[in-house]
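# Descriptive analysis of the structure
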Amino acid sequence: MRERLAPGGLFCQWLPLHQLDLATLRSIVRTFVTAYPDGWAMLATNSLDTPVVGLVALKDEAASIPI
């Protein structure tokens, strides 16, 4: 994915926690952290029944996200 992003590009993958078992979630997060060691996660709880986590990373670690 990193190769496909434009310079300063942003990657985000939403994971529906209510549809993943723990082993699968761990595998996805482990792979993400290997590819993006400076990435981070965001928890979104639009509903307590359907929480999701967003895995977010920048192509260029030194880049910043405009707010």
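Preceding this paragraph is the structure being described.
Residues numbered from 1 in each chain as written. Predicted model: local features only at pLDDT ≥ 70, side-chain atom pairs only at ≥ 80, totals over all residues. Heavy atoms only, no water.

### Brief notes about the overall build of the protein chain
A tally of regular secondary structure across the protein chain gives one helix and three strands. Along the chain direction, N to C, the helices and strands of the protein chain fall in the order β-α-β-β. Burial analysis of the protein chain (67 residues in total) assigns 22% to the buried set. Here the analysis covers contacts within the protein chain between residues at least 6 apart in sequence; of these, 61% occur between residues at least 24 apart. Total accessible area on the protein chain stands at roughly 5,000 Å², and carbon and sulfur atoms take up 58% of it. (Helix = DSSP H or I, 4+ residues; strand = E, 2+ residues; numbered from the N terminus. Buried < 20%, exposed > 50% of the residue type's maximum accessible area, 1.4 Å probe, protein only. Contact = heavy atoms within 4.5 Å. Areas by Shrake-Rupley, 256 points an atom, 1.4 Å probe, with all protein chains shown as cover.)

### So, helix 1 (residues 22–35)
Between its first and last C-alpha atoms helix 1 spans 20 Å; for 14 residues at 1.5 Å apiece the expected length is 20 Å, and the two agree. N-capping of helix 1 is provided by D21, with a side-chain oxygen placed 3.2 Å from the backbone N of A23. (Expected span 1.5 Å × (residues − 1). Polar contact = N/O pair within 3.5 Å; in protein donor to acceptor, adjacent residues only side chain to side chain.)

### Quick look at the packing of aromatic side chains
According to the stated counting rule, one finds three aromatic pairs in the structure shown. Between the aromatic rings of F11 and F32, the centroid separation amounts to 6.1 Å while the plane-to-plane angle is 25 degrees, which identifies the pairing as stacked. Highlighted residues: F11 in strand 1 (residues 10–16) and F32 in helix 1, separated in sequence by 21 residues. Across this residue pair, the class does not change: F11 and F32 are buried. Aromatic side chains F32 and Y36 sit 5.6 Å apart centroid to centroid with 40 degrees between the ring planes, which places their arrangement in the tilted category. Here F32 and Y36 have matching classes, each one buried. (Phe/Tyr/Trp six-rings, centres within 6.5 Å; stacked < 30°, edge-to-face > 60°.)

By themselves, these figures tell us nothing about what the structure is for.
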